[in-house]
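Chains, contacts and geometry: an overview
Below are the chains, spelled out letter by letter.
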Amino acid sequence: MSASRNYSPQAFHPGEIDLLGRVFEQLLEERQVPNCGDQAEALAARLISIYQSGERRIEIPKKLTLHS
């Protein structure tokens, strides 16, 4: 992946969606949160926000999301 790649806040590539989905599922399991409802939505929103901010090292979004 090129460091100069421009990210659109609305667009994700299939690999990014897969990655975010896996991290989201891991977070749900670790926090014992059902995959629907307010807690899951807040967790997903936080994860996406962190990813859209440009953070790509997946351990960082997981840490920040867990501590939000």
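As shown above, the structure is provided for reference.
Before going further, it helps to spend a moment on the overall build of the protein. Helices and strands together make up the secondary structure of the protein, namely three helices and zero strands. Its helices and strands taken in sequence order, the protein reads α-α-α from the N to the C terminus. Across the 68 residues that make up the protein, the buried fraction comes to 25%.

Backbone geometry at Q32 places phi at a positive 55 degrees, although glycine is not the residue there. Turning to its location among the elements, Q32 is positioned in the loop between α1 (14-31) and α2 (38-52). Judged by relative accessible area, which is 73%, Q32 ranks as exposed.

Turning our eyes to something else, we now look at the side chain of E16. Structurally, the position occupied by E16 is in helix α1. Overall, E16 belongs to the buried group, its relative accessible area being 4%. A distance of 3.2 Å separates a polar atom in the side chain of E16 from a polar atom in the side chain of Y51.

To continue, consider α2. Over its 15 residues, α2 runs 21 Å from end to end, which matches the ideal 21 Å to within 8%, given 1.5 Å per residue. The complete set of buried residues in α2 reads A40, L43, L47, I50 and Y51. For α2, the buried positions fall inside an angular range of 100 degrees around the axis, keeping them on one side. Residues of α2 that are exposed and point over 90 degrees away from its buried face: D38 and E41. In the stretch just after α2, G54 is the one whose phi turns positive, near 110 degrees.

Each value, and the rule that gives it
Residues numbered from 1 in each chain as written. Predicted model: local features only at pLDDT ≥ 70, side-chain atom pairs only at ≥ 80, totals over all residues. Heavy atoms only, no water. Helix = DSSP H or I, 4+ residues; strand = E, 2+ residues; numbered from the N terminus. Buried < 20%, exposed > 50% of the residue type's maximum accessible area, 1.4 Å probe, protein only. Polar contact = N/O pair within 3.5 Å; in protein donor to acceptor, adjacent residues only side chain to side chain. Expected span 1.5 Å × (residues − 1). Arc of directions from axis to C-beta.

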